[in-house]
Amino acid sequence: GQQLNQSPQSMFIQEGEDVSMNCTSSSIFNTWLWYKQDPGEGPVLLIALYKAGELTSNGRLTAQFGITRKDSFLNISASIPSDVGIYFCAGQLSGSARQLTFGSGTQLTVLP
Amino acid sequence: DAMVIQNPRYQVTQFGKPVTLSCSQTLNHNVMYWYQQKSSQAPKLLFHYYDKDFNNEADTPDNFQSRRPNTSFCFLDIRSPGLGDAAMYLCATSVGSSNQPQHFGDGTRLSIL
């Protein structure tokens, strides 16, 4: 089956620093999604990417759909304490049920 | 306002005692999913309903069942919970005919005594 490699597994950064995380796949996806999950909560969609090469921003967050359709990155600029959480990438194929393949997650800790 | 609602948020049951988790949605999405998520891991798909059609993942244990009585509601039944079934259970919905992303509920944290 398809697998997503997400890195880094965890990050400790100072408040105000920029953050970058990425996902790579052995096969192509039609859609890349980035979710954030806080402790005890469900994943919340941050950014959805639908076209190869697409670069999309959501406030301080920027994500790109790799040109090969096998990778994506997420950048967070000027991190703040509420950015703490686990970030998951997910790839989605065309098909009737739009099932997701998740990365293993990046645990982000922001130090004051 | 919450659009995918899971109840209860926390559930405690005894080893071997059947338990049902519920999910409701106000999005009118035709696909509903159930995921199991263990600590520090990604969500793992158990099964999904595409309209009324049930689709089980190959590695989902028989102990897990689901019901979808109408578009808005979906239930996860665990017939004989074992200690290894303690996890967060997430419900998600999507529109099956589009590439729009899945929307998740806040999950039910299941503990087994």
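So, a few notes on the structure that sits alongside this text.

Conventions used here
Residues numbered from 1 in each chain as written. Chains lettered and ligands numbered in written order. Predicted model: local features only at pLDDT ≥ 70, side-chain atom pairs only at ≥ 80, totals over all residues. Heavy atoms only, no water. Core = buried A, V, L, I, M, F, W, Y, C linked by side-chain atoms within 4.5 Å. Buried < 20%, exposed > 50% of the residue type's maximum accessible area, 1.4 Å probe, protein only. Helix = DSSP H or I, 4+ residues; strand = E, 2+ residues; numbered from the N terminus. Contact = heavy atoms within 4.5 Å. Polar contact = N/O pair within 3.5 Å; in protein donor to acceptor, adjacent residues only side chain to side chain. Salt bridge = Lys/Arg side-chain N within 4 Å of Asp/Glu carboxyl O. Pairing = 2+ DSSP bridges. Phe/Tyr/Trp six-rings, centres within 6.5 Å; stacked < 30°, edge-to-face > 60°. Axes fitted to C-alpha atoms, helices over the stretch in contact; angles between N-to-C directions. Buried area = accessible area lost by both parts, 1.4 Å probe. Nonpolar A, V, L, I, M, F, W, Y, C, P; charged D, E, K, R; others polar.

### Observations regarding the nonpolar core
Here's step 1: Counting residues in hydrophobic clusters, the biggest one holds 21 residues, and the most contacted among them are W32(A), W34(A), L74(A) and L108(A).
Here's step 2: If you list the elements that add at least two residues to this core, you get β2 (10–14), β3 (19–25), β4 (31–37), β5 (44–49), β7 (61–65), β8 (71–76), β9 (85–92) and β11 (106–111) of chain A.
Here's step 3: When residues no more than four places from it in sequence are discounted, the contact partners of L108(A) are M11(A), I13(A), V19(A), I76(A), D83(A), V84(A), G85(A) and Y87(A).
Here's step 4: Among the nonpolar cores identified, the runner-up in size contains 18 residues, and C23(B), Y49(B), L76(B) and I112(B) belong to it.

### Describing the side chain of D77(B)
Here's step 1: Looking at the secondary structure, you find D77(B) in strand β8 (residues 73–78).
Here's step 2: A polar side-chain atom of D77(B) sits 2.6 Å from a polar atom in the side chain of T20(B).

### Remarks on the pattern of salt bridges
Where charged atoms from two side chains of opposite charge come close, those side chains can pair.
Residue and element names in this part refer to chain A.
Here's step 1: Overall, the coordinates contain five salt bridges over all chains when judged by the stated rule.
Here's step 2: Residue D83 is joined to R60 by a salt bridge in which the shortest nitrogen-to-oxygen separation is 2.8 Å. Linking D83 in the loop between β8 and β9 with R60 in the loop between β6 (55–58) and β7, this pair joins segments that are 23 residues apart in sequence.
Here's step 3: When its relative accessible area of 27% is taken as the criterion, R60 is described as partly exposed.

### Section: the pairing of strand β11 (residues 108–112) of chain B
Residue and element names in this part refer to chain B.
Here's step 1: Going residue by residue along β11, you find T108, L110 and I112 tucked away on one face and R109 and S111 left uncovered on the opposite face.
Here's step 2: Summarising the sheet, strand β2 (residues 10–13) and β11 pair through four bridges and their orientation is parallel. Within the sheet, the bridge partner assigned to T13 lies in β11 and is I112.
Here's step 3: In terms of strand pairing, strand β9 (residues 87–94) meets β11 through three bridges, oriented antiparallel. Residue pairing in the sheet places Y89 in a bridge with T108 of β11.

### Observations regarding the packing of aromatic side chains
Here's step 1: Under the counting rule described, the total for this entry stands at 12 aromatic pairs over all chains.
Here's step 2: Pairing Y35(A) with F104(B) gives two aromatic rings, centres 5.3 Å apart and planes at 90°, and the pair type is edge-to-face. Taken together, the positions of Y35(A) in strand β4 and F104(B) in strand β10 (residues 103–104) put the pair across two chains. Both residues of the pair, Y35(A) and F104(B), belong to the buried class.
Here's step 3: Among the aromatic residues, ring-to-ring pairing joins Y35(A), F88(A), F102(A), Y33(B), Y35(B) and F104(B) into one connected group.

### Some remarks on the sheet that holds strand β3 (residues 19–25) of chain B
Residues and elements named next belong to chain B.
Here's step 1: Strand order in the open sheet formed by four strands is β1-β3-β8-β7, and the pairing between neighbours is antiparallel. Every interior strand has two partners, whereas the edge strands, β1 (4–7) and β7 (64–67), have only one. Sheet twist, expressed as the average angle between the axes of neighbouring strands with direction ignored, equals 20°.
Here's step 2: Bridging between β7 and β8 involves four bridges; their strand directions are antiparallel.

### So, the interface of chain A and chain B
Here's step 1: Every contact between the two is made by 21 residues of chain A and, on the other side, 25 residues of chain B.
Here's step 2: Across the chain A/chain B interface, buried area totals approximately 1700 Å², and carbon plus sulfur atoms make up 52% of it.
Here's step 3: Where chain A meets chain B, there are one salt bridge.
Here's step 4: R9(B) is the partner of E41(A) in a salt bridge, and the nearest nitrogen-oxygen pair spans 4.0 Å.
Here's step 5: Applying the counting criterion to the chain A and chain B interface returns five residue pairs in polar contact (both at pLDDT 80 or more).
Here's step 6: Per-element accounting of the side of chain A that touches chain B gives the leading share, four residues, to β4(A).
Here's step 7: Among the residues forming the side of chain A that touches chain B, the class breakdown is 10 nonpolar, nine polar and two charged.

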